[in-house]
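# Notes for the structure review
Here is what each chain is made of, one letter per residue.
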Amino acid sequence: MFVFRFLAVKTKHLFLEQPEMNFRVASGMITGGMDQGSALYDIVLLEENAGAVKVVLDKSFTARFVRERPRVTLETLSGFEVRSVVVPSGFGTRLKLVREMTPRDFLEISLKRQDYMTSSLANVIAVFKQANIDTYVIPAVKQLPTVPRERRFNRIDLGTSDKVCAAALGIYTQSTRSGAAVSDTEFILAELGSAFNAFVAVSSGEIVNGIGGTLSSMGMSSRGAFDGEIAALLGTVDKRRAYEGGVLYLFANGETVPEEFFLHAFNGNERARVLMEAYTSGILGDIGSMMASSGIKPKEVFISGRVSRVKQYVAYISEKIEHTFGLKVSFLETFGALSKEGAIGAALIANGIAGGRFSTIVDTLRLREATGSVFDDIYLDETTLRWIQETKV
């Protein structure tokens, strides 16, 4: 196994030292999960042995490094007998092995008009197609049969596949801590990432609604839901635009990070304080929207993502959520891992697919029943529709 040590030379960058070799033979079933974030790419292995679960691998790389060297994802697993893996699946497809994927699947998980067969997602998948490991792609929120159709119209980004993974981890967390059955879990997941915010509503152990990063309120880097008038002023809108215009851009043109921003906000910088209020107001609005539109009565709000590591802001937003909704704020179980919750949840789902301890969660989420396309129930112009239809299946 390759073990990388990191030097945090600057807050925004991680630098890799030379890898050292380390080998281990496991005694239980090992499953893996990966999460491709805006800044970091996380890899986690969980080992289940006699019902007990522990983390046996917990690695993070810069997302850029994995884009340039996708094979490192498989190399990192060497030395372990891995039963199954869930890889990043973007905007989702039905649950399937990567060797079963079609060109249409690659288009739908990446939503790139060009080069979708060579996207960063596709390049990692290509590596695992050649591996002797059962490797799966999974649905995103929109494809799940538990999300009513009326919540899907003119929507693609109800939450990417990693939000499904984090929600699965939330189901495990609430069930374990409260002693409730998986089918009795009910919560809102608020992922506050380095770029985007996203929200998922879970009721009776099922995902029933979601607000993805490009539909949510303003995030750290992302402007969130696009004002149509701003889009018209910009003239053209591409994916790059989705990653800019948020809090960090309005404060310092993107030349800072969340941790530094909140230091300014809590230490007298008036512009940072007002932006923090706008950011907070958006989070409260999205949580309220989830509750109102889904009709659920959550027992708690789980927060995850990079901002959930900023203690002073967590205390601040927790007080606001409790005051506004009467709900406590909790963190997801991580089994001691430092990687993002999406990677841990992906490993949990891989365990469930393989028939392990978490199979009840996979069954309750009805992942195997996911159908349809991200393009269903969307109004598109004829040119775009023709392009989609002409994509090889």
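Residues numbered from 1 in each chain as written. Predicted model: local features only at pLDDT ≥ 70, side-chain atom pairs only at ≥ 80, totals over all residues. Heavy atoms only, no water.

## Here we look at the overall build of the chain
- In terms of helices and strands, the chain carries 14 helices and 15 strands.
- For a compact globule of 393 residues, the expected C-alpha radius of gyration is about 21 Å, and the chain comes in at 20 Å, within 12% of that figure.
- Overall, the chain is about 55 × 50 × 45 Å in size when its C-alpha atoms are taken along their principal axes.
- Scored against the burial criterion, the 393 residues of the chain give a buried share of 55%. (Helix = DSSP H or I, 4+ residues; strand = E, 2+ residues; numbered from the N terminus. Rg over C-alpha atoms; globule rule 2.2 N^0.38 Å. Buried < 20%, exposed > 50% of the residue type's maximum accessible area, 1.4 Å probe, protein only.)

## Structural notes on the pairing of strand S11 (residues 186-192)
- In terms of residue burial, S11 counts as a mostly covered element, since seven of its seven residues are buried.
- Alternating residues of S11 divide into Glu186, Ile188, Ala190 and Leu192 and Phe187, Leu189 and Glu191, and every residue in both groups is buried.
- The sheet contact formed by S11 and strand S12 (residues 197-203) spans seven bridges and is antiparallel. Counterpart to Ile188 in the pairing with S12 is Ala201.
- Hairpin connection from S11 to S12: four residues lie between these consecutive antiparallel strands.
- With four bridges joining them, S11 and strand S14 (residues 300-304) adopt parallel strand pairing. Residue Ile188 lies in a different strand from S14, and its bridge partner there is Val301. (Pairing = 2+ DSSP bridges.)

## Focus: the sheet that holds strand S6 (residues 40-49)
- One open sheet holds the six strands; their spatial order is S7-S6-S5-S8-S10-S9, and the pairing between them is mixed. Looking at the sheet topology across the chains shown, the edges are occupied by strand S7 (52-62) and strand S9 (96-97).
- As paired strands, S6 and S7 are joined by ten bridges and run antiparallel to one another. Bridged to Tyr41 within S7 is Phe61.

## Brief notes about the nonpolar core
- Val86, Ile207, Phe335, Leu348, Ile349 and Ile361 are the most contacted members of the largest nonpolar core, which totals 43 residues.
- Elements with a minimum of two residues in this core: S6, helix H5 (161-178), S11, S12, helix H12 (341-353) and helix H13 (359-365).
- Non-local contacts of Val86, meaning those with residues more than four positions away in its chain, are made with Gly32, Gly33, Met34, Tyr136, Ile138, Ala346, Ile349, Ala350 and Ile353.
- Of all hydrophobic cores here, the second largest spans 37 residues; its members include Tyr41, Val56, Val72 and Phe106. (Core = buried A, V, L, I, M, F, W, Y, C linked by side-chain atoms within 4.5 Å. Contact = heavy atoms within 4.5 Å.)

## Concerning the environment of Ile171
- Among the secondary structure elements, Ile171 is positioned in helix H5.
- With relative accessibility at 0%, the residue Ile171 sits in the buried group.
- In this structure, the C-alpha to C-alpha distance between Ile171 and Ser183, residues twelve residues apart in sequence, is 8.7 Å.

## Thoughts on the packing of helix H10 (residues 270-294) against helix H11 (residues 311-325)
- One way to put it is that H10 packs onto H11 with a least axis distance of 11 Å and a crossing angle of 45 degrees. By the angle class used here, H10 and H11 are oblique. The interaxial crossing formed by H10 with H11 has right-handed handedness. Between H10, through Met276, Glu277, Tyr279, Thr280, Ile283, Leu284, Ile287, Gly288 and Met291, and H11, the contact on the second element is made entirely by Tyr313, Tyr316, Ile317, Lys320, Ile321, Thr324 and Phe325. (Axes fitted to C-alpha atoms, helices over the stretch in contact; angles between N-to-C directions. Parallel < 35°, antiparallel > 145°, perpendicular 65-115°, else oblique. Left-handed = near helix turned anticlockwise from the far one by under 90°.)

## Quick look at the confidence of the model for the chain
- Taken over all residues, the pLDDT of the chain has a mean of 90, while the share at 70 or more is 93%.
- Counting interchain partners and residues more than four positions distant, the pLDDT-below-50 stretch residues 1-22 has 53 contacts. (pLDDT = per-residue confidence, 0-100.)

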